[in-house]
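Summary of the model geometry
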Amino acid sequence: MKKKDIVKKAIENNPEDFKGFEEVVDILDFEDENIKKKGGITQDKGVDSFHLYSFLDQELNRLNLLDQFFTFKFSNIEDYSPTEKLIQMQSIKLHQAREELTAMILEDDSTFLKRMEFLWNSSIGGNN
Amino acid sequence: MKLPVYTEINIDELTKIDFKDEELIKAELKKIIKKGKIGKIPNYIVTHHLSDENLKSFLKLLQSTMEKLGSSPKFPYPTYIINEKLSDHPYFFTSYSVERLPPHFFKKIKRLKAKEQLLFTKIQVVGDKVSNNPLAEKLQLLKQQANRNRELADLTFELATYEQAIEEIKNLKKEHSV
């Protein structure tokens, strides 16, 4: 059985499996027909054509993504950006955390003050 | 319209003009931008022959002319400034040599077949749609948004550090009380 026939049978049985590979299948057909007509064609020519098609396809996808970004996604960023509210919330939390931490450090039996006391006594305070 | 593959923009005409004559240079640059279809196809400008001073004023004038014409050096297609001394630029993409350019747009030009022609027509339509956006404004907004996000990240990092310190102090207290 020829490769082409195997592929055709497979497409008939499971057409969804070949989604996105139509161009490759076309090349198989193209090469077979040309080989019959012209008595042989180099494989490079088919691959080269596929390269250009693939490049244009990638390019179209890239531009579509850019278009989506600059129209839909960008307007979302512009109109509904959560950053400002998050900054406000974080600033409030940060302020509270600072106050809590300062209060903890300034307690009489805090480790920080004990260490400071030890440092003071062992260097400057101890000499007096 | 040409296929979106790299095209060199020749600036030999500019080197004959004195760079101090800004108006003349700007008029010449307008012609170059329109002729070279900057922003509409991927381009590169070789600037090895320009002196440091001339390169600086050339880039400054090119930027202001492009901003006036509303064409973007990045979207939908990039314009690269090729110079071995230029490592980075805030407005343009740069490269040390043509060989080091991203290979995506290096393609052989061929006569298009029907399917390829159809894709190419779509590319032209979507490309025009992208360039019809006020890109300079949007990129500026995007930059501002990026700065705000960075600010948020700094705040979050600082808060996480304090919260960790508070947690450690509380744990220490618990250990001492036991």
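A quick note: this is a predicted structure, and the numbers were derived from the prediction, not measured. (Residues numbered from 1 in each chain as written. Chains lettered and ligands numbered in written order. Predicted model: local features only at pLDDT ≥ 70, side-chain atom pairs only at ≥ 80, totals over all residues.)

Turning our attention to the overall build of chain A. Of the regular secondary structure elements, chain A holds 5 helices and 0 strands. Scanning chain A from its N terminus toward the C terminus, one meets helices and strands in the order α-α-α-α-α. A buried classification covers 4% of the 128 residues belonging to chain A. (Helix = DSSP H or I, 4+ residues; strand = E, 2+ residues; numbered from the N terminus. Buried ≥ 20, exposed ≤ 12 C-beta atoms within 10 Å, placed from the backbone.)

Scanning chain B from N- to C-terminus turns up 5 helices and 4 strands. Its helices and strands in sequence order give chain B the pattern β-α-α-β-α-β-β-α-α, from N to C terminus. Within chain B, contacts between residues at least 6 apart in sequence are counted, and of these 67% link residues at least 24 apart. (Contact = placed C-beta atoms within 7 Å.)

Right, let's talk about unusual backbone geometry for a bit. Going from B:Phe75 to B:Pro76, the amide bond is cis rather than trans, its omega being -10°. Mapped onto the fold, B:Pro76 is located in the loop between helix H3 (52–69) and strand S3 (79–82).

Take the interface of chain A and chain B next. Across the boundary between the two partners, chain A contributes 29 residues, which contact 33 residues of chain B. Breaking the side of chain A that touches chain B down by element, the ones donating at least two residues are helix H3 (43–80) and helix H4 (83–105) of chain A. Broken down by element, the side of chain A that touches chain B gets its largest block of residues, 15 residues, from H3(A).

One finds B:Leu29, B:Ile33, B:Phe58, B:Leu59, B:Leu62, B:Met66 and B:Ile81 to be the most contacted residues of the largest nonpolar core, which totals 14 residues. Looking at this core, the elements that each hand over two or more residues are helix H2 (22–36), strand S2 (43–46), H3 and S3 of chain B. Here this core gets 4 residues from one element, more than from any other, and that element is H3(B). Residues contacting B:Ile81, with those up to four places away along its chain left out, are B:Ile45, B:Thr47, B:Leu59, B:Leu86, B:His89, B:Phe92 and B:Thr94. Counting residues in hydrophobic clusters, the runner-up holds 7 residues, among them A:Leu56, A:Leu63, A:Phe70 and B:Ile123. (Core = buried A, V, L, I, M, F, W, Y, C linked by C-beta atoms within 7 Å.)

All names here are of chain B. Between its terminal C-alpha atoms H3 stretches 26 Å, which fits the 26 Å expected from 18 residues at 1.5 Å a residue. Looking only at H3, the buried set comprises Phe58, Leu59, Leu62 and Met66. With its buried residues spanning 95° around the axis, H3 presents them on a single face. Pointing more than 90 degrees away from the buried face of H3 are the exposed residues Glu53, Lys60 and Lys68. Next to the buried residues of H3 lie H2 and S3. Just downstream of H3 lies Gly70, where phi reads positive at about 75°. (Expected span 1.5 Å × (residues − 1). Arc of directions from axis to C-beta.)

Okay, the sheet that holds strand S4 (residues 93–95) of chain B next. Residue and element names in this part refer to chain B. One open sheet accounts for 4 strands, arranged S1-S2-S3-S4; its pairing is parallel. Every other strand in the sheet has two partners, leaving strand S1 (7–9) and S4 as the edge strands with one partner each. The mean inter-strand angle of the sheet, taken between neighbouring strand axes irrespective of direction, is 35°. (Pairing = 2+ DSSP bridges. Axes fitted to C-alpha atoms, helices over the stretch in contact; angles between N-to-C directions.)

Let us now look at the packing of H2(B) against H3(B). Residues and elements named next belong to chain B. Viewed as axis vectors pointing N to C, H2 and H3 meet at an angle of 60°, and their least axial separation amounts to 10 Å. As judged from the angle between their axes, H2 and H3 are oblique. Pair H2 / H3 crosses with right-handed handedness. For the pair H2 and H3, the contacting residues are Glu22, Ile25, Lys26, Leu29, Lys30 and Ile33 in the first and Leu61, Leu62, Thr65, Met66 and Leu69 in the second. (Parallel < 35°, antiparallel > 145°, perpendicular 65-115°, else oblique. Left-handed = near helix turned anticlockwise from the far one by under 90°.)

Below, the discussion takes up the confidence of the model for chain A. Residues and elements named next belong to chain A. In the predicted model, chain A carries a mean pLDDT of 78, and 72% of its residues have values of at least 70. Mean pLDDT values over the elements of chain A span from 57, in helix H2 (residues 22–38), up to 92, in H4. Predicted confidence is poor over residues 38–42, with pLDDT under 50, and the contacts of this stretch with residues over four places away or in other chains come to 4 contacts. (pLDDT = per-residue confidence, 0-100.)

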